[in-house]
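Chain by chain, the residues:
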Amino acid sequence: MEKSCTLLVHFDKGTPALANEIKEALEGNDVQAKVEALKKAIMLLLNGETIPQLFITIIRYVLPSEDHTIQKLLLLYFEIIEKTDSKGKVLHEMILICQTLLNNLNHANEYIRGVTLRFLCRLKETEVIEPLIPTVLSNLEHRNPFVRRNAILAVMSIYKLPQGEQMMDNAPDLIEKVLATEQDSAAKRNAFLMLFTCAQDKAVNYLFTHIDRIIDWGEQLQMVVLELIRKVCRAKRGEKGKYIKIIISLLNAPSAAVIYECAGTLVSLSSAPTAIRAAANTYCQLLLSQSDNNVKLIVLDRLNELKSSHREIMVEMIMDVLRALSSPNLDIRRKTIDIALELITTRNIDEVVLMLKKEVVKTQSGELEKNGEYRQMLVQAIHSCAIKFPEVASTVVHLLMDFLGDTNVASALDVIVFVREIIETNPKLRVSIITRLLDTFYQIRAARVCSCALWIIGEYCLSLSEVESGLSIIKQHLGELPFYTASEEGEGQDQHHHSKNVQQPALATVSSRRPAVLADGTYATQSAALETAMSPPTLVQGSLSSSMGNLRSLLLGGDFFLGAVVACTLTKLVLRLEEVQSSKAEVNKASSQAVLIMAAMLQLGKSSALAHAIDNDSYDRIILCIRLLCNTGDEVRKIWLQSCRQSFVKMLADKQFRETEEIKAKAQVLNAQPDDLIDFYHLKSRKGMSQLELEDEVQDDLKRATGEFMKDNEDANKLNRILQLTGFSDPVYAEAYVTVHHYDIVLDVTVINRTKSTLQNLCLELATMGDLKLVERPQNYTLAPESIKNIRANIKVSSTETGVIFGNIVYETSNVLERNVVVLNDIHIDIMDYISPATCADVAFRTMWAEFEWENKVAVNTVIQDEKEFMNHIIKSTNMKCLTPLSALEGDCGYLAANLYAKSIFGEDALVNVSIEKQAEGKLSGYIRIRSKTQGIALSLGDKITVKQKGGSV
């Protein structure tokens, strides 16, 4: 008979208690010392020590004690000690325990009776139990409910033993009588559980006899009823109609746990719209009534599952789901928004957007710490709604533009990206958006938000008034020129010195003489002003104004990328002014002022006033803008005023195409076989069937017709996961079926004795390498000749890393006393079991790529000669998602670069960049770069790619 499974319990042996010390304490009269000694003995036993000399001492000196703590510890001690010898026979010493257990079962104290009855539930030795059976049965009628409920559990445990039916053949009848008269709710639950487990027909009969009073039963009993219904309906699907009525009646139970289980049972048993709607309503009620955040997250997971399989019904519940936004927890809000976004239709879009707008307004109160993050989530949700349903954009875009100056930069950036997309996809809103953007430009404080806003101004200011307003706003926020004041000595330096510090092409572009107003209010020609601005001066610290515009403050902070964006925006506005303005003088004035601003930025960038000089890219960009304003051609004008927006339109189209492709990929294509049976419910007899049962029949037929009941070759997949651990010629053959769950690995090891002799003390000894931990102590088994034993081992996983499990099987034979060892093959736990494909935004990917510190670089070495074929092979081998859109991978240019992304079950991110080139001889070369936050993913994924990339085509 199998021993009970014992977990490894940590016990500090830094100062080990010797058996003699424990023995002395047990023999003394101090009750507290006995308690401590008994605890130490139990802990040593749990950690694998054997202290056989203590048994008689405990029987003589501890067993007679009346102390309740000692009595409870004694039962723990009796539970874990060895009760059988190597041949499986009960030890003779166990007869000493029988009389004590009998006395305890007749004890006047109800507590001692109850804990002893509970101990019997874990006792498996029939020789010890059999003399106690009459006393156990007599306790079924005890006056105290604590004794009765434990007596019922003891009867159930004894009845379930291999010889239990012979020892207690009338147990179900006795429990049925107890159930009929019992008043205590816990005892009734235990009695019903006993009937449910050992005599299911009697439990069903009792259920339907008292069907009218189910709603008044206790919570525990109702939970067992639901468990019974699930078991019966799985075995007899044709009878589920009458059971579903019981479940629906229990939806009105006062207990939240019961109605949660009812909803889950309804979904598992029925696909009828009435049942699914009732379950969804129940989940929504729980979402609002329960205050525990973990409960809310679990309920949201259930709603998400319903959304996947019954979207049409969940669409009706979208507003009820959105009410969960009242919770301050960000995880709950995020999950709620994710569910709602997939349930939006033309009928509910207005309500949803109105709800989101109200939530955005609430975030302005500033009462909560994470209002910024929540606002960012809401902005992204509204953005998604406006892209799917452009007609709602007009109701939200102006509200969101109030947050362009948000202290949360990510939120403000989401707003400006949303505005940029809406202004292109909704031409009717262009004028109002531009007007509002120019009005609120002063609020912007983040450089990235400012850059995007300037791009919008440069691209979409089309009328004369808009162009003039755009130029005015930019000049206003840049402030007075120059950006710092030069010393007189610097101003008097000659032209020759100036030519050494500024590139000659720049001078050539500004050699025309045009009137301009200098910073001190005097007039000068354009060339003189430029030379003055570009002469190397000495910074006067006091000249910086404390009240400067946002653009000026960012430029003086050294952000010259923003300076290049300002230059490009000014250039576009001046070029467009030439198209819409008839006055040449106005155009020349605007052009000269723009060139002066750019020259001042170059002067600032080349000076020693800032910690770092202007970067070459920004410098070249500003110089290009100056040249363009001084000598404009039609082709260049077309590129600046048209091609840029065309590229943006193409980017939006690619984004839309990618989202459509992802939706198609998620859709499951289910096919039914030609000869599958289809039942037509119209031709069936409807006599006595409720509306819910009729709906269920329809749904079952539809599922059968579309192939939803088909299994995905589960048996074949199981066969692929069986690993042979020993050779066919070994005396003991072993093979393992490996199941990888989220945080643990289960090994189902089948051990076969291939010899003609009995193997004694057979033990499966395992060890691990990597972040894997064994959680159970190995047990000894006796294996008869040519018999089979199934052994289960549990291993905990603590990180995403490739691990190795190794070990051996040790056994003894009756003929030879020495132990024999069979070494097992290693079991490699694949990292692919822990990671799954995922998606993330390009911005998030680039951010993580810059932040993650672990990188593994793998050189491409493969026999595959087609770059796309190799790419697909890597995606399949690594179980990752390709973030690069298919449109970007089209064509045949000999180069391919793509980003892959996956997420582990522990929430870790895995980033991969594939860059390959086709050589002249047809061979592929390049690198695969892996980045992650942890070393385990980077190394393990790199090893996986190294092994798999040499394979043939997919």
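The model shown is predicted, which means the values in this text are computed figures rather than measured ones.

The rules we used
Residues numbered from 1 in each chain as written. Predicted model: local features only at pLDDT ≥ 70, side-chain atom pairs only at ≥ 80, totals over all residues. Heavy atoms only, no water. Helix = DSSP H or I, 4+ residues; strand = E, 2+ residues; numbered from the N terminus. Buried < 20%, exposed > 50% of the residue type's maximum accessible area, 1.4 Å probe, protein only. Expected span 1.5 Å × (residues − 1). Axes fitted to C-alpha atoms, helices over the stretch in contact; angles between N-to-C directions. Parallel < 35°, antiparallel > 145°, perpendicular 65-115°, else oblique. Left-handed = near helix turned anticlockwise from the far one by under 90°. Contact = heavy atoms within 4.5 Å. Nonpolar A, V, L, I, M, F, W, Y, C, P; charged D, E, K, R; others polar. Phe/Tyr/Trp six-rings, centres within 6.5 Å; stacked < 30°, edge-to-face > 60°. Lys NZ or Arg CZ within 6 Å of the ring centre and 35° of its normal. Pairing = 2+ DSSP bridges. pLDDT = per-residue confidence, 0-100. Core = buried A, V, L, I, M, F, W, Y, C linked by side-chain atoms within 4.5 Å. Salt bridge = Lys/Arg side-chain N within 4 Å of Asp/Glu carboxyl O. Patch = residues over 30% accessible without salt bridge, like charges linked within 9 Å, V, L, I, M, F, W, Y side chains within 5 Å. Areas by Shrake-Rupley, 256 points an atom, 1.4 Å probe, with all protein chains shown as cover. Polar contact = N/O pair within 3.5 Å; in protein donor to acceptor, adjacent residues only side chain to side chain.

K.L.:
Can you break down the overall build of the protein chain residue by residue, with the values?
P.N.:
Secondary structure summary: the protein chain contains 42 helices and 18 strands in total. Looking at the 954 residues of the protein chain, the share that counts as buried comes to 46%.

K.L.:
So what about helix α25 (residues 409-425)? Which residues, and what values?
P.N.:
With 17 residues, α25 extends 24 Å between its outermost C-alpha atoms, agreeing within 8% with the 24 Å of an ideal straight helix rising 1.5 Å per residue. Every buried residue of α25 is listed here: S411, A412, L413, D414, V415, I416, F418, V419, E421, I422 and I423.

K.L.:
Now, about the packing of helix α15 (residues 240-250) against helix α16 (residues 256-269): what can you tell me, with residues and values included?
P.N.:
Direction vectors running N to C along α15 and α16 enclose 150 degrees, while the axes themselves pass 9 Å from each other. Taken together, α15 and α16 sit at an angle that is classed as roughly antiparallel. In the crossing of α15 with α16, the sense of the turn from one axis to the other is left-handed. Along its contact with α15, which presents K240, I244, I247, I248 and L250, the element α16 presents V258, I259, C262, T265, L266 and L269. Class assignment of the residues belonging to the contact of α15 with α16 gives a composition of nine nonpolar, one polar and one charged.

K.L.:
So what's going on with the side chain of N426? Residues and values would help.
P.N.:
Within the element layout of this structure, N426 appears in the loop between α25 and α26 (430-440). Using a relative accessible area of 11% as the deciding quantity, one classes N426 as buried.

K.L.:
Report on the packing of aromatic side chains, specifying residues and quantitative values.
P.N.:
Under the criterion given, the structure shown has 10 aromatic pairs. Ring geometry for F192 against W217: centres 6.5 Å apart, planes inclined by 55 degrees, an arrangement best described as tilted. You can see F192 sitting in helix α12 (residues 185-198) and its partner W217 sitting in the loop between α13 (200-209) and α14 (219-235), a full 25 residues away along the chain. By relative accessible area, which is 0% here, F192 ends up buried. Using a relative accessible area of 9% as the deciding quantity, one classes W217 as buried. R333 extends its terminal NZ or CZ atom over the ring of Y374, reaching a point 3.7 Å from the ring centre. Over the ring of Y927 we find K857, and its NZ or CZ is 4.2 Å from the ring centre.

K.L.:
Any chance you could break down the sheet that holds strand β3 (residues 722-724) for me, citing the residues and the numbers?
P.N.:
Across the sheet, five strands lie side by side as β3-β4-β5-β9-β7; this open sheet has antiparallel pairing. The sheet is open, and its two borders are formed by β3 and β7 (772-774), each paired with just one other strand. Neighbouring strand axes in the sheet, compared pairwise and without regard to direction, differ in orientation by 30 degrees on average. In this structure, strand β5 (residues 744-753) lies alongside strand β9 (residues 788-797), joined through nine bridges in antiparallel fashion. The partner of D748 across the bridge, within β9, is R792.

K.L.:
Before we move on, could you go through the confidence of the model for the protein chain and cite the residues and values that matter?
P.N.:
Caution applies to low-pLDDT parts of the model: their predicted coordinates are not meant to be read in detail. Put simply, the protein chain has an average pLDDT of 79, and 81% of its residues get 70 or more. Helix α9 (residues 145-159) holds the highest mean pLDDT among the elements of the protein chain, 92, whereas helix α31 (residues 504-509) holds the lowest, 34. Within the model, the stretch residues 487-548 combines pLDDT values under 50 with 76 contacts to residues more than four positions away or in other chains. Here residues 705-714 is modelled with pLDDT under 50, and outside its nearest four sequence neighbours on either side it reaches 17 contacts, counting other chains as well.

K.L.:
Can you lay out the nonpolar core for me, pointing to particular residues and giving the numbers?
P.N.:
In terms of nonpolar packing, the biggest core is built from 218 residues, with F78, L120, L303 and M598 touching the most fellow members. Considering every element that reaches this core, the biggest residue donor is helix α34 (residues 560-580), with 12 residues. Filtering out sequence-adjacent residues up to four positions away, F78 remains in contact with F55, I59, L63, K83, I97 and F119. Within the second largest apolar cluster, 29 residues are counted, among which are V751, Y781, I805 and I829.

K.L.:
Tell me about the pattern of salt bridges, and please be specific about residues and values.
P.N.:
Taken as a whole and judged by the stated rule, the model has 22 salt bridges. Here E79 ties to R122 by a salt bridge, and the two come within 3.0 Å at their closest N and O atoms. Of this pair, E79 sits in helix α4 (residues 68-80) while R122 sits in the loop between α6 (110-120) and α7 (126-129), and the two are 43 residues apart along the sequence. A relative accessible area of 23% means that E79 is categorised as partly exposed. Relative accessible area serves as the criterion here: at 40%, R122 is assigned to the partly exposed category. Here the salt bridges do not stand alone but share partners, grouping D173, E176 and K202 into one network.

K.L.:
Account for a nonpolar patch on the surface, with residues named and values stated.
P.N.:
Side chains of I56, I95 and L96 sit close together on the surface and give an oily, nonpolar patch of about 270 Å² of accessible area. Here I56 lies in helix α3 (residues 54-62).

K.L.:
Please give an account of the environment of S327 that cites residues and values.
P.N.:
Mapped onto the elements, S327 comes out in the loop between α20 (318-322) and α21 (330-341). Excluding anything up to four places from it in sequence, S327 contacts N293, K296, I332 and R333.

K.L.:
Tell me what's going on with α12, and back it up with residues and numbers.
P.N.:
Helix length check: α12 (14 residues) gives 20 Å between terminal C-alpha atoms against 20 Å at 1.5 Å per residue, within 8%. Looking at the packing, one finds that the buried side of α12 touches α9, α11 (171-181), α13 and α14. Near the N-terminus of α12, the side chain that reaches the backbone nitrogen of A186, with its oxygen 3.3 Å away, is that of D184.

K.L.:
Report on unusual backbone geometry, specifying residues and quantitative values.
P.N.:
Residues other than glycine seldom take positive phi values, yet N761 does so here, at roughly 50 degrees. Note that N761 resides in strand β6 (residues 759-769). Even without being a glycine, E786 presents a positive backbone phi close to 55 degrees. Mapping E786 onto the fold places it in the loop between β8 (780-783) and β9.

K.L.:
Lay out the packing of helix α22 (residues 349-362) against helix α24 (residues 393-400) with the relevant residues and their values.
P.N.:
For the pair α22 and α24, the least separation of the axes is 11 Å and the interaxial angle reads 10 degrees. Relative to α24, the element α22 is oriented roughly parallel. Facing V353, K357, V360 and V361 of α22, the residues of α24 in contact are T395, V396, L399 and L400. Looking at the contact of α22 with α24 residue by residue, the class counts come to six nonpolar, one polar and one charged.

K.L.:
How would you sum up the environment of R637? Please name residues and give values.
P.N.:
Turning to its location among the elements, R637 is positioned in helix α37 (residues 634-666). The spatial distance from the C-alpha of R637 to the C-alpha of K572 is 8.6 Å, given a sequence separation of 65 residues.

K.L.:
Explain the pairing of strand β10 (residues 803-813) to me, using residue names and the numbers behind them.
P.N.:
Regular strands place their side chains on alternate faces of the sheet. Within β10, nine of the 11 residues are buried, which leaves the element mostly enclosed by the surrounding structure. Note: β10 against strand β12 (residues 827-829), three bridges, orientation antiparallel. Its bridge partner being in β12, G803 is matched across the sheet by I829. With four bridges connecting them, β10 and strand β11 (residues 820-823) associate as antiparallel partners. Across the sheet, N808 pairs through a bridge with V823, a residue of β11.

K.L.:
I'd like to hear about the side chain of T116, residue by residue, with values.
P.N.:
With respect to the element layout, T116 can be found in helix α6. Overall, the relative accessible area of 0% leaves T116 in the buried class. Engagement of the side chain of T116 in a polar contact is seen with the backbone oxygen of I112, the distance being 2.6 Å. Those residues in contact with T116 that lie beyond four places of it in its chain are L75, L101, N104 and L105.

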